[in-house]
Amino acid sequence: MLLLLSVSVCLVLLAVLLQITRGYEQLESLAAIVPRDSRDQPLVSIVVPSCNEEESIEAALRSLCNLDYANVEIIVVDDRSVDRTAEIVASVRRDFPAIRLLRISELPGGWLGKPHALQQGAGGAEGLYLLFIDADVCLEKTTVSRAVEAMERRRLDHLTLLFKNSSPGLLLNALITEIGAGLFFLAKPWRAKIAESRHFMGVGAFNMVRSSVYRSIGEHRKIRLQVVDDMYLGKLVKQGGFRQECMLAESLVSLPWYRSVPDMISGLMKNVYAFFSYRPGYVFFGMSIIALLTVVPMAGAVFARGVEQLFFLGAVLLRVAGIGGGMVRLGLPPVSILFLLMTPFIYLFIIGKAFVQVQYSGGVVWRGSFYRLAALREADWVLSGLFWTLRRKK
């Protein structure tokens, strides 16, 4: 029985690693796209939701104002910030008067804060394309011109980009790389461009969508209670039968996903339970799978004997080599790979804590607002589209 378990875990991890590697190779790089000619630039409306972003919003806005794409409008939505966010935006506006600042003082019922801010920002946008971008994202100056060229040349309705994480710390980067690999395997973004595929993708760091398509899928009114709003936007586009693609943009888009391990743990409290559809059974199943593929092999490599020990050790090496190789490719020192021996325990702690915290409190606290669990459960599960074939738009 133990031999069967060790062999099965090893083979599953090998299959996962191969699929991630092949999938990554199928993603095209936005950096390979020639920037859009300055004589033919349709208006792009950049919507930046912000809530207490005083640490990051100035650098993000200045990167937007320094784009080589001239035909843009930048709409910053200050969603009830209580720090210096509005003051910083006003300071940047003195250098770049084209920035529009929209301030929200109250959140209406039946909405989460960020979807509501995005809805309000998009409501006054006039661009042919809408670009939803988080307030801590910095863009290389040619990013938008390359993105518009990709949209036009490929006749896309939605383009989303995978970014470079600029978070500090080896343990934090090990955590982010592994969780990114897990999401990459689950979402399979390389299949988003296949019309008949059930897979979709959306990334808060860069979601560009045709405004006509955005209006036709119901705008953020259809996403009002979605914690994972960026991926759900991609889901709506794909379910609508529109053309979608995910591309690599590690040299063009960067942000610190989290600034510390405690910051990551705190940040994931709002959305990790959402990935399990707020269902305890899904949480227990997910934690069991994670433990089976990560903790069990490490325990088996130490305590098992004979052939079983070799297969468990092989499973550990596959996971560490696969994720670690990605970390080194991203510029992290090889010593950071050792932290992958700790990350599974932290993930399990995060999932367990989020489950207990949300169940006990009866809701999710996000940016100072409390959202009832009963209301969140009424929303469609963001991952439900992965379990049926999406119909192509005729």
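Quick caveat, the model's predicted, so the values are computed rather than measured. (Residues numbered from 1 in each chain as written. Predicted model: local features only at pLDDT ≥ 70, side-chain atom pairs only at ≥ 80, totals over all residues. Heavy atoms only, no water.)

Let's hear about the sheet that holds strand β10 (residues 253–255): which residues, and what values?
Strand order across the open sheet formed by 3 strands is β5-β10-β7, with mixed pairing between neighbours. Only two strands of the sheet have a single partner each, and these edge strands are β5 (138–139) and β7 (164–165). Judged from the 2 bridges that link them, β7 and β10 form a sheet pairing that is parallel. When the sheet's bridge partners are listed, Asn-165 is paired in β10 with Leu-255. (Pairing = 2+ DSSP bridges. Helix = DSSP H or I, 4+ residues; strand = E, 2+ residues; numbered from the N terminus.)

Provide a residue-level description of unusual backbone geometry, including the pertinent values.
Positive phi values are uncommon outside glycine, yet Arg-155 reaches one of about 55 degrees. If you trace the backbone, Arg-155 turns up in the loop between α5 (143–154) and β6 (158–162). By relative accessible area, which is 65% here, Arg-155 ends up exposed. We note that Glu-219 has phi near 60 degrees; this positive angle belongs to a residue other than glycine. Structurally, Glu-219 is set in the loop between α7 (211–216) and α8 (229–239). (Buried < 20%, exposed > 50% of the residue type's maximum accessible area, 1.4 Å probe, protein only.)

Would you mind going over the sheet that holds strand β9 (residues 244–248) in detail, with residue names and values included?
Taken in spatial order, the 7 strands make up an open sheet running β3-β2-β1-β4-β8-β6-β9, and their pairing is mixed. Each of the sheet's edge strands pairs with one partner strand only, and the pair in question is β3 (100–104) and β9. Averaged over all pairs of adjacent strands, the angle between strand axes in this sheet comes to 20 degrees, irrespective of strand direction. (Axes fitted to C-alpha atoms, helices over the stretch in contact; angles between N-to-C directions.)

Give a detailed account of the pairing of strand β2 (residues 72–79), specifying residues and quantitative values.
By the criterion of burial, β2 is predominantly enclosed, with 7 of the 8 residues buried. Note that strand β1 (residues 44–50) and β2 share 7 bridges and pair parallel. Of the residues in β2, the one forming a bridge with Ser-50 is Asp-78. At this point the chain moves from β1, through helix α2 (residues 57–65), to the parallel β2, and the crossover so formed is right-handed. Sheet analysis places β2 next to β3, joined by 5 bridges and oriented parallel. Following the sheet pairing, Val-77 is matched in β3 by Leu-102. At this point the chain moves from β2, through helix α3 (residues 85–95), to the parallel β3, and the crossover so formed is right-handed. (Right-handed = clockwise from strand over helix to strand, strands pointing away.)

Residues and numbers for the pattern of salt bridges, please.
If you walk through the whole model with that rule in mind, you get 24 salt bridges. Measuring nitrogen to oxygen at the nearest pair gives 2.8 Å for the salt bridge that ties Arg-154 to Glu-28. Placement of the pair is Arg-154 in helix α5 and Glu-28 in the loop between α1 (2–26) and β1, with a sequence separation of 126 residues. Two residues, Arg-39 and Asp-37, come together in a salt bridge whose shortest N-O distance is 2.9 Å. A relative accessible area of 36% places Asp-37 in the partly exposed class. Each of Arg-36, Asp-40, Glu-149, Glu-152, Arg-153, Asp-157 and Arg-210 takes part in one network of salt bridges that share partners. (Salt bridge = Lys/Arg side-chain N within 4 Å of Asp/Glu carboxyl O.)

Mind laying out the packing of helix α6 (residues 170–187) against helix α9 (residues 261–268), listing which residues take part and the relevant values?
Remark: α6 packs on α9, axes separated minimally by 9 Å, with the N-to-C direction vectors making an angle of 35 degrees. Counted together, Leu-171, Leu-172, Leu-175, Ile-176 and Ile-179 of α6 and Val-261, Met-264 and Leu-268 of α9 form the full contact between these two elements. (Contact = heavy atoms within 4.5 Å.)

Which residues make up a nonpolar patch on the surface, and what values do they have?
Taken together, the side chains of Leu-3, Val-307 and Phe-311 make up a nonpolar region of the molecular surface, amounting to roughly 230 Å² of accessible area. Mapped onto the fold, Val-307 is located in helix α12 (residues 306–329). (Patch = residues over 30% accessible without salt bridge, like charges linked within 9 Å, V, L, I, M, F, W, Y side chains within 5 Å. Areas by Shrake-Rupley, 256 points an atom, 1.4 Å probe, with all protein chains shown as cover.)

Please set out the packing of aromatic side chains residue by residue, giving values where relevant.
Enumeration according to the criterion identifies 9 aromatic pairs in this entry. For the pair Trp-257 and Tyr-258, a centre-to-centre distance of 6.0 Å together with 20 degrees between the ring planes defines the contact as stacked. Taking the relative accessible area as the measure of exposure, Trp-257 reaches 30% and is therefore partly exposed. Given the relative accessible area of 11%, Tyr-258 is considered buried. Summarising the aromatic geometry, the rings of Tyr-273 and Tyr-278 are spaced 5.4 Å apart at their centres and angled 70 degrees between planes, so their arrangement reads as edge-to-face. (Phe/Tyr/Trp six-rings, centres within 6.5 Å; stacked < 30°, edge-to-face > 60°.)

Report on α1, specifying residues and quantitative values.
Across its 25 residues, α1 extends 36 Å between first and last C-alpha, which sits within 8% of the 36 Å expected from 1.5 Å per residue. Next to the buried residues of α1 lie α6, α10 (280–293), α11 (295–303) and α12. (Expected span 1.5 Å × (residues − 1).)

Help me get a handle on the environment of Arg-154, residues and values and all.
Considering only alpha carbons, one finds Arg-154 and Ser-254, 100 residues apart in sequence, at a separation of 24 Å. Not counting the four nearest positions on each side in its chain, Arg-154 is found in contact with Glu-28, Ile-33, Arg-243, Glu-245 and Met-247.

Pulling in residues and values, what's your account of the pairing of strand β4 (residues 129–132)?
With burial as the criterion, each face of β4 is covered, one bearing Tyr-129 and Leu-131 and the other bearing Leu-130 and Phe-132. Two strands pair when backbone bridges link them, and β1 and β4 are joined in this way by 4 bridges, in the parallel orientation. Looking at the pairing, Val-47 lines up with Phe-132 of β4. Both β4 and strand β8 (residues 207–210) contribute to a ladder of 4 bridges, which runs antiparallel. When the sheet's bridge partners are listed, Tyr-129 is paired in β8 with Arg-210.

Describe in detail α3, supporting the description with residues and values.
The α-helix advances 3.6 residues per turn, and as a result positions three or four apart in sequence lie on the same side. Three or more residues of α3 are buried, namely Thr-85, Ala-86, Ile-88, Val-89 and Val-92. Here the buried residues of α3 occupy an arc of 160 degrees about the axis, which is enough to place them on one side. Exposed and oriented more than 90 degrees from the buried face of α3 are Glu-87 and Arg-94. Considering only its buried residues, α3 is in contact with β1, α2, β2 and β3. (Arc of directions from axis to C-beta.)

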